[in-house]
Amino acid sequence: MSLPVLPTISTFFIALSAVFVAIGWAQIKRRQIEKHKKTMLLAGIFALTFFIIYVSRTLFIGNTAFGGPADIKIYYTIFLIFHICLATTGAVFGLVSILSGLKNNLKLHRKIGPYTSVIWFFTAITGVAVYLLLYVFYTGGPTTSVFKAILGGE
Ligand code: HEM
């Protein structure tokens, strides 16, 4: 089995970023504020790395259509859209968390920090699942423009 290089690297970075969010959460529970800050900033950098690879691949190469059985394609598509919604929400919450943390707006930060972390865990888990469905459990379909890959078609 040969795995595609860029999606494998970008999925690795989403997973790594979720692991760092978990570490950062454990650190703040122990009141290690400086460590929490560094770990969470690294988690943000890893998430950004994922995003840069993903967007470059989408723009320059395209997205890969689901290559599994036609009868489960609809479930894959619903799951993919669910993952995209989680990732978009996670990105917005992530930005607000980082900015509120850096600005010491701790009232807001304490409120949304746990939500951001949990949304990010689910983003990473569903992201890895999409990767497995697309490239590991089944062989990826044709690589085409992003709109066709999400909605189906040629
Ligand atoms: C990078 C800049 C960040 C800084 C400077 C920062 C700083 C802090 C500080 C000082 C606290 C303690 C607040 C208090 O208890 O008074 C805190 C709590 C917390 N932060 Fe961050 N943080 C940052 C990023 C993040 C990110 C990106 C997340 C989520 C992904 C996050 C999640 C949390 C959580 C879950 C808590 C604990 C909230 C609670 O249960 O009270 N932080 N942060």
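Keep in mind it's a predicted model, so treat the numbers as computed, not measured. (Residues numbered from 1 in each chain as written. Predicted model: local features only at pLDDT ≥ 70, side-chain atom pairs only at ≥ 80, totals over all residues. Heavy atoms only, no water.)

Trainee: Looking at this model, I keep getting lost on the overall build of the chain. Mind explaining?
Mentor: From N to C terminus, the chain includes five helices and two strands. Written out in order from the N terminus, the α and β elements of the chain read α-α-β-α-α-β-α. By the burial criterion, 35% of the 154 residues in the chain qualify as buried. Partitioning the contacts of the chain with sequence separation of at least 6, the portion at a separation of at least 24 is 74%. A total accessible area of about 9500 Å² is found for the chain, and carbon and sulfur atoms account for 74% of it. (Helix = DSSP H or I, 4+ residues; strand = E, 2+ residues; numbered from the N terminus. Buried < 20%, exposed > 50% of the residue type's maximum accessible area, 1.4 Å probe, protein only. Contact = heavy atoms within 4.5 Å. Areas by Shrake-Rupley, 256 points an atom, 1.4 Å probe, with all protein chains shown as cover.)

Trainee: Even after reading the chapter, I still don't get the coordination of the iron atom of the ligand, so can you show me in this structure?
Mentor: Tetrahedral coordination by four donors puts the ideal angle at the metal at 109.5 degrees, and octahedral coordination by six puts it at 90 or 180 degrees. On the protein side, the iron atom of the ligand has H36 (NE2) and H109 (NE2) as donor atoms, found 1.9 to 2.0 Å from it. Each of the six donor atoms around the iron atom of the ligand contributes to a set of angles spanning 85 to 179°, which defines the coordination as octahedral. Here the residue H36 occupies a position in helix 2 (residues 33-60), and H109 occupies one in helix 4 (residues 106-136), the gap between them amounting to 73 residues. Note on accessibility: H36 and H109 belong to one class, buried. (Donors = N, O, S within 2.8 Å, 3.2 Å for Na, K, Ca; no water. Tetrahedral: all angles 85-135°; square planar, octahedral: opposite > 155°, others 65-115°.)

Trainee: Sorry, what's going on with the site of the ligand here?
Mentor: Surveying the vicinity of the ligand reveals 20 residues, the closest of which are I28, H36, L41, H109 and R110. Take R31: an N or O atom from its side chain is 3.5 Å from an oxygen atom of the ligand. H36 has a polar side-chain atom sitting 2.8 Å from a nitrogen atom of the ligand. Those elements giving two or more residues to the shell around the ligand turn out to be helix 1 (5-29), helix 2, helix 3 (73-102) and helix 4. Of the residues forming the shell around the ligand, the biggest block, seven residues, is contributed by helix 4. Here the shell around the ligand is composed, by residue class, of ten nonpolar, seven polar and three charged. (Near = heavy atom within 4 Å. Polar contact = N/O pair within 3.5 Å; in protein donor to acceptor, adjacent residues only side chain to side chain. Nonpolar A, V, L, I, M, F, W, Y, C, P; charged D, E, K, R; others polar.)

Trainee: For this particular structure, what's the right way to read helix 1?
Mentor: The periodicity of an α-helix, 3.6 residues per turn, causes residues three or four places apart in sequence to face the same way. When the terminal C-alpha atoms of helix 1 are compared, their 37 Å separation across 25 residues agrees well with the 36 Å that a helix rising 1.5 Å per residue should span. Of all the positions in helix 1, only P7, S10, T11, F13, I14, S17, A18, V21, G24 and Q27 are classed as buried. On its buried face, helix 1 is in contact with helix 2 and helix 4. Directly beyond the C-terminal end of helix 1, a positive phi value near 65° is found at R31. (Expected span 1.5 Å × (residues − 1).)

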